[in-house]
Number of protein chains: 4
Amino acid sequence: MISFESDYTEGAHSKILQKLLNTNFEQQPGYGNDCYTLSAKEKIKQICQLPNADVHLLTGGTQTNQIIIDTMLAPYEGVIAAKTGHVASHEAGAIEYTGHKVLTLPHINGKINAEDLQSYLANFYQDANHEHMVFPGMVYISQPTEYGTLYTKEELIQLADTCHNYQIPLFIDGARLGYGLMADDCDHTIADIAQLADVFYIGGTKIGALCGEAVVFTKGNTPKHFVTQIKQHGALLAKGRLLGIQFDTLFTDDLYFSISRHAIECANKVREIVQAKNYPFYIENSTNQIFIIISDDKLAAMKDQLRVSFWEKYDETHTVIRIATSWATTLEAIETLEEIL
Amino acid sequence: MISFESDYTEGAHSKILQKLLNTNFEQQPGYGNDCYTLSAKEKIKQICQLPNADVHLLTGGTQTNQIIIDTMLAPYEGVIAAKTGHVASHEAGAIEYTGHKVLTLPHINGKINAEDLQSYLANFYQDANHEHMVFPGMVYISQPTEYGTLYTKEELIQLADTCHNYQIPLFIDGARLGYGLMADDCDHTIADIAQLADVFYIGGTKIGALCGEAVVFTKGNTPKHFVTQIKQHGALLAKGRLLGIQFDTLFTDDLYFSISRHAIECANKVREIVQAKNYPFYIENSTNQIFIIISDDKLAAMKDQLRVSFWEKYDETHTVIRIATSWATTLEAIETLEEIL
Amino acid sequence: MISFESDYTEGAHSKILQKLLNTNFEQQPGYGNDCYTLSAKEKIKQICQLPNADVHLLTGGTQTNQIIIDTMLAPYEGVIAAKTGHVASHEAGAIEYTGHKVLTLPHINGKINAEDLQSYLANFYQDANHEHMVFPGMVYISQPTEYGTLYTKEELIQLADTCHNYQIPLFIDGARLGYGLMADDCDHTIADIAQLADVFYIGGTKIGALCGEAVVFTKGNTPKHFVTQIKQHGALLAKGRLLGIQFDTLFTDDLYFSISRHAIECANKVREIVQAKNYPFYIENSTNQIFIIISDDKLAAMKDQLRVSFWEKYDETHTVIRIATSWATTLEAIETLEEIL
Amino acid sequence: MISFESDYTEGAHSKILQKLLNTNFEQQPGYGNDCYTLSAKEKIKQICQLPNADVHLLTGGTQTNQIIIDTMLAPYEGVIAAKTGHVASHEAGAIEYTGHKVLTLPHINGKINAEDLQSYLANFYQDANHEHMVFPGMVYISQPTEYGTLYTKEELIQLADTCHNYQIPLFIDGARLGYGLMADDCDHTIADIAQLADVFYIGGTKIGALCGEAVVFTKGNTPKHFVTQIKQHGALLAKGRLLGIQFDTLFTDDLYFSISRHAIECANKVREIVQAKNYPFYIENSTNQIFIIISDDKLAAMKDQLRVSFWEKYDETHTVIRIATSWATTLEAIETLEEIL
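The shown structure was predicted, so the numbers you read here are calculated from the model rather than taken from an experiment.

Rules used throughout
- Residues numbered from 1 in each chain as written.
- Chains lettered and ligands numbered in written order.
- Predicted model: local features only at pLDDT ≥ 70, side-chain atom pairs only at ≥ 80, totals over all residues.
- Heavy atoms only, no water.
- Buried < 20%, exposed > 50% of the residue type's maximum accessible area, 1.4 Å probe, protein only.
- Helix = DSSP H or I, 4+ residues; strand = E, 2+ residues; numbered from the N terminus.
- Least-squares fit on C-alpha atoms with pLDDT ≥ 70 in both.
- Contact = heavy atoms within 4.5 Å.
- Pairing = 2+ DSSP bridges.
- Axes fitted to C-alpha atoms, helices over the stretch in contact; angles between N-to-C directions.
- Buried area = accessible area lost by both parts, 1.4 Å probe.
- Salt bridge = Lys/Arg side-chain N within 4 Å of Asp/Glu carboxyl O.
- Polar contact = N/O pair within 3.5 Å; in protein donor to acceptor, adjacent residues only side chain to side chain.
- Phe/Tyr/Trp six-rings, centres within 6.5 Å; stacked < 30°, edge-to-face > 60°.
- Lys NZ or Arg CZ within 6 Å of the ring centre and 35° of its normal.

K.L.:
When you look at helix α11 (residues 241–250) of chain B in this model, what are you seeing that I'm missing?
P.N.:
Residues spaced three or four apart along an α-helix face the same direction, because each turn holds 3.6 residues. Counting buried residues in α11(B) gives ten out of ten residues, a clear majority hidden from the surface. For α11(B), the set of buried residues is Arg241(B), Leu242(B), Leu243(B), Gly244(B), Ile245(B), Gln246(B), Phe247(B), Asp248(B), Thr249(B) and Leu250(B).

K.L.:
It is not clear to me how the relation of the copies chain A and chain C should be interpreted in this structure. Could you clarify?
P.N.:
Turning one copy of the chain about an axis and sliding it along that axis gives the other copy, so a rotation and a shift relate them. Rotating chain A by 180° and translating it 0.0 Å along the rotation axis places it on chain C, where the RMSD comes to 0.0 Å. Both copies are brought into coincidence by an operation consistent with a two-fold rotation axis. Residue by residue, 100% of the interface of chain A is reproduced at the interface of chain C, so both copies engage with the same surface.

K.L.:
Just to check I follow, could you spell out the sheet that holds strand β12 (residues 318–324) of chain B for this structure?
P.N.:
Think of a sheet as strands paired side by side through backbone hydrogen bonds, with each pair either parallel or antiparallel. Residue and element names in this part refer to chain B. With antiparallel pairing, the three strands of this open sheet are ordered in space as β9-β12-β11. In the strand order of this sheet, the two ends are held by β9 (289–295) and β11 (309–315), each with one partner. Between one strand axis and the next, the sheet turns through 30° on average, direction left out of account. Bridging between β11 and β12 involves five bridges; their strand directions are antiparallel. Within β12, the residue paired with serine 309 across the bridge is arginine 322.

K.L.:
Sorry if this is basic, but what is going on with the interface of chain A and chain C here?
P.N.:
For an interface, size is often stated in terms of accessible area lost upon the parts coming together. Of the residues lining the interface, 17 residues belong to chain A; the matching set on chain C comes to 17 residues. With both chains or domains summed, chain A and chain C bury close to 1,400 Å², and 51% of this area falls on carbon and sulfur atoms. Among the residues chain A hides against chain C, the three largest losses belong to His90(A), Glu96(A) and Lys101(A). Together they make up 34% of the total. Lys101(A) is paired through a salt bridge with Glu96(C); the nearest N and O atoms lie 2.6 Å apart. Remark: the boundary between chain A and chain C carries eight residue pairs in polar contact (both at pLDDT 80 or more). For the side of chain A that touches chain C, the elements supplying multiple residues, two or more each, are α4 (86–89) and α5 (94–97) of chain A.

K.L.:
Would you mind going over the packing of aromatic side chains with me for this structure?
P.N.:
Within a pair of aromatic rings, the relevant descriptors are the distance that separates the centres and the angle that separates the planes. Residue and element names in this part refer to chain A. Under the counting rule described, the total for this entry stands at 68 aromatic pairs over all chains. Between tyrosine 76 and phenylalanine 135 the ring centres are 5.6 Å apart and the planes differ by 80°, which places this aromatic pair in the edge-to-face class. Of this pair, tyrosine 76 sits in the loop between α3 (61–72) and β3 (77–82) while phenylalanine 135 sits in strand β5 (residues 135–142), and the two are 59 residues apart along the sequence. Plain terms: the ring middles of tyrosine 256 and phenylalanine 257 are 5.6 Å apart, the flat faces sit at 85° to each other, and that makes the pair edge-to-face. When its relative accessible area of 0% is taken as the criterion, tyrosine 256 is described as buried. Feature note: the residues Tyr76, Phe124, Tyr125, Phe135 and Tyr166 constitute an aromatic cluster, connected by ring pairs. We note lysine 111 situated over the ring of tyrosine 151; from NZ or CZ to the ring centre the distance is 5.6 Å.

Written out as structure tokens, the structure is:
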């Protein structure tokens with residue numbers, strides 16, 4: 001049995017485990033004051049070309065979305081997201097739990113666009129009753145999206161401009177950021193992301209870490225007493241070194257990018273196989289998630305050999321599945337996948 | 001420079017790191033459905049002698065307190081705790097953040113007693129206006145306490161009986177449970193704790209793990225859709241294996257208990273040194289935290305050689321400090337400590 | 001200048017003011033324990049033909065929606081509503097403020113239907129990942145809707161059946177309930193509403209009261225310690241008599257129904273005028289809110305004589321406006337309206 | 001049977017009811033935009049000698065405390081109050097419901113003092129771990145207190161100075177403000193309160209109104225989008241006129257002060273009676289609440305003639321009761337009370 005079910009089926013990159021081992025008996029202060037966290041933050045600021053950025057390390061994606069959104073919004077504000085955005089649909093109401101509404105826009109393959117955003121914001125402020133409604137206080141997008149698609153640099157600029165015209169921050173969820181940046185057709189760098197977003201995070205859990213996401217506040221806009229607020233949300237690790245060592249390793253010698261690129265190359269191979277075998281793509285994209293339409297018979301036939309994600313029913317006899325590659329995907333696994341498909 | 005500042009200055013027990021390494025490339029399902037989490041849960045149920053207990057693994061102590069209290073209380077209920085309880089004072093309002101009041105009782109060396117509890121509960125229900133007040137919905141104690149003291153089995157029985165007379169659960173915060181159970185004068189086992197508490201957790205972060213606390217619901221009383229509620233609190237790890245592997249290792253061959261005992265033996269040695277050197281104890285206890293009164297001059301003199309926790313000012317010229325041993329304390333460190341003191 | 005802007009532009013029905021005056025110096029206990037509140041509750045139970053119902057009086061509509069939804073839902077549950085439902089769009093996020101998501105269904109003239117609801121619920125439970133999503137925990141509809149339309153008894157039965165198949169309550173927001181029940185084509189009574197809904201409220205603010213909504217729990221399903229929870233939400237009036245006297249008066253001699261019927265007769269007259277003058281209706285309905293399409297020129301011309309609600313832009317040169325009649329509408333006002341239109 | 005149980009047993013002052021009657025059929029815009037609310041705000045600003053103050057009208061005391069505290073505090077902040085403060089003990093956790101901790105100080109007859117406050121604040125910031133604790137973000141006092149005692153002007157100045165040294169606002173709960181200001185020994189005016197407090201409210205419910213409290217933000221410090229936040233808390237009345245008319249009447253011809261003075265004169269008479277009859281006072285004060293110690297036998301004997309508030313058991317055979325006078329107390333009632341006592 002092999003699994004292409006998700007990009008978080010294995011542990012961590014070996015270099016990370018090795019570093020955990022090497023540093024294990026050093027005595028380090030807690031709560032993110034260890035030297036590895038400090039080093040990781042420096043490296044991330046450097047790669048972002050933002051010496052004044054403020055970096056914080058958290059444990060997981062939903063936690064990170066929840067804390068960023070809750071601490072950056074005023075109480076009367078909600079966050080605008082695509083209907084398909086992770087915060088809108090797959091976080092068990094973690095945003096609403098903190099008192100904020102997710103205001104949804106229609107999506108095109110997981111993406112929102114600047115015109116829809118502009119018209120939402122304009123309509124809101126034109127509505128004479130808007131004081132009785134939730135104020136739009138932030139825009140959330142994921143790059144790449146939940147459908148593996150990518151915003152172009154131009155699209156990001158337009159979204160950022162629209163946000164800034166209305167003086168609200170643009171937040172980019174980068175749970176799979178490396179897989180986006182390393183895609184063949186990606187036209188921007190992490191420094192571009194850092195310049196365009198008001199806040200974003202660099203996903204570790206899905207790209208080589210056991211756990212961990214690195215939040216970057218790009219414009220001197222860290223919420224006040226942010227560490228206290230992390231603690232208040234139950235998210236402050238005593239042994240912050242666990243996160244520090246991981247991100248310090250990921251941002252040493254471009255490891256984050258090289259292992260992301262590996263996943264993309266694997267995904268490209270899978271795409272070739274899929275095309276060769278004539279499975280139609282459900283959505284065209286260039287990152288590490290591949291959505292294909294498959295007959296239910298075929299799906300049933302391979303279920304003891306291959307684990308993939310069920311996405312949705314396509315029609316009476318077909319299903320959309322997701323095949324995800326990752327930093328840990330092996331060439332052998334891809335060969336086995338080819339045989340099974 | 002050596003540090004006795006806390007019990008979370010090192011990484012993880014070597015067996016845990018080894019197990020992370022050995023299992024790293026196994027493909028495991030996420031969100032706590034991996035085989036190691038399942039195995040850890042079984043081992044914990046067995047050691048607790050509670051085959052029907054329900055075990056969940058979370059990341060840190062404040063998170064665990066927050067989730068247990070929030071999910072077990074009705075919205076109109078608060079949690080009773082000692083004024084010195086961790087939830088009352090050192091969690092940045094994480095309990096109140098979820099909408100619940102911490103109702104405080106006076107403490108004696110960090111402990112509350114059954115009479116005070118009984119009288120609080122009786123007074124509440126006798127008050128004709130109690131519908132305008134916060135209902136007491138749970139009792140929280142820590143074992144050992146924040147002062148390193150221990151409840152006796154008899155005291156726990158009395159607290160549990162009082163709780164059950166009023167039909168509210170007893171929650172035992174076991175962030176340092178092992179260090180309590182392995183103390184020379186501890187008169188009970190983890191199975192006793194499991195029998196007396198309605199819910200408790202076994203601390204990993206301070207006892208050999210990188211992170212992780214194991215929550216045990218002892219009486220078929222797990223809150224409904226608990227996994228969804230963990231997610232809603234931002235606390236569900238994608239790679240649940242990280243927690244599963246750690247607790248599976250800690251509860252293999254009694255590792256949890258043997259490394260806890262090591263910390264106690266180290267603490268006992270420190271106590272002998274302290275006594276020999278005539279430093280007065282601030283509080284008498286038998287676990288891994290030692291509170292002593294030291295002159296400010298001495299404290300200043302050793303500040304470049306030794307890191308300890310500042311606890312509070314004792315008088316104009318003296319300070320209370322905390323020396324904490326742990327699973328990772330070495331005999332060499334204790335010898336150095338002896339020299340410095 | 002006359003106003004048909006809303007149904008809350010005047011004070012209270014004269015009988016209510018008279019009763020406030022007559023009882024003013026009686027000494028009554030607070031917090032809803034006065035004899036008028038008790039009497040009002042009895043009368044409401046009787047009119048609902050539900051001797052075991054539980055009735056509570058609150059101050060306003062958003063408050064009532066917020067408290068009912070928050071206290072009846074489990075923390076991991078959201079409320080299903082039409083996209084146009086008041087709770088979804090015009091309550092400044094009052095529902096999300098309490099931690100619950102509003103899960104939206106498409107609307108047809110303000111109404112949801114049982115098929116869409118059924119398919120939403122079925123899809124939710126079929127989704128293998130539904131533990132990562134917000135559980136649907138209640139269905140909210142307004143009768144009449146925000147568009148003045150009415151559910152038929154058959155439609156209500158189907159919605160109630162669907163809810164009960166999934167064991168979730170049906171909540172009917174009756175902010176304008178009287179105006180629905182007294183409409184020419186209404187095919188059901190308040191007793192039908194009481195039988196079909198698990199909880200509903202009878203709006204007073206818009207039908208003759210200064211303030212006040214009467215919540216009816218129909219099935220022994222009042223949330224535990226509901227008075228304490230009202231207090232916790234900041235909604236418990238010290239002088240509960242203010243609400244008690246109003247509802248006691250409204251449900252004496254069928255006042256609630258007769259004044260509601262008056263508003264309908266006024267609305268019917270307005271409809272005749274509108275039709276005679278050839279203004280197209282934006283939505284066909286039979287209650288006290290009339291939505292018409294009017295040219296922007298005409299709208300501008302009459303703006304110093306008539307106040308109406310702006311609803312939305314219809315096209316470049318037309319606007320949808322709302323004309324609302326109420327218990328207080330006078331025949332003179334309608335004649336003036338006729339002249340102005 | 002007469003009642004001295006509380007100061008909210010009657011309806012409203014006759015002038016208020018008369019004004020409700022006189023204005024009843026005027027068409028007024030909703031949500032506090034009616035002309036009476038605007039007029040009331042102007043009158044309050046004038047009496048406070050603060051032309052730039054911002055005034056908002058809310059319905060009840062707990063609601064007002066909840067909204068002021070929640071909207072003025074940052075999420076990581078709590079409010080400091082006396083242990084006996086209304087927000088600390090008798091609001092069913094309404095403050096914690098909004099996510100904020102009530103940080104308690106010891107009280108002397110219901111009052112806190114500037115030294116204790118100063119030392120709490122100094123200790124907090126000296127504590128090296130204060131980032132793990134709830135930040136003190138506001139000071140709450142009630143004037144008069146829950147024990148009917150009064151802060152002197154000098155005490156208020158000291159508290160305000162201490163707050164401002166730490167850059168946190170002073171909030172004065174004036175649920176019974178009139179009864180404080182009109183006490184024989186009160187050494188300050190409402191203008192003094194307005195100058196010293198950063199925010200305070202003028203209680204209507206207990207002083208002549210059916211419901212209503214007037215919040216005054218004194219320093220351009222109204223929380224952003226405050227009306228939206230009121231709505232979000234479920235506290236925005238559609239017919240704001242109900243509050244506007246009441247406060248407009250209370251602040252016409254000094255009605256608020258003259259009826260408050262009436263209650264004080266009644267209280268003074270009661271004090272004379274109590275003293276003449278040799279009942280010991282539990283607490284000395286000069287406002288409308290009188291706390292006396294009475295034998296249980298006497299209490300039982302008069303229970304069919306007189307309703308008072310049970311305060312607490314004094315000893316085995318005595319009880320502390322509260323006798324409250326109000327704007328509505330009659331001389332006949334006091335004579336009857338004299339006979340009964």
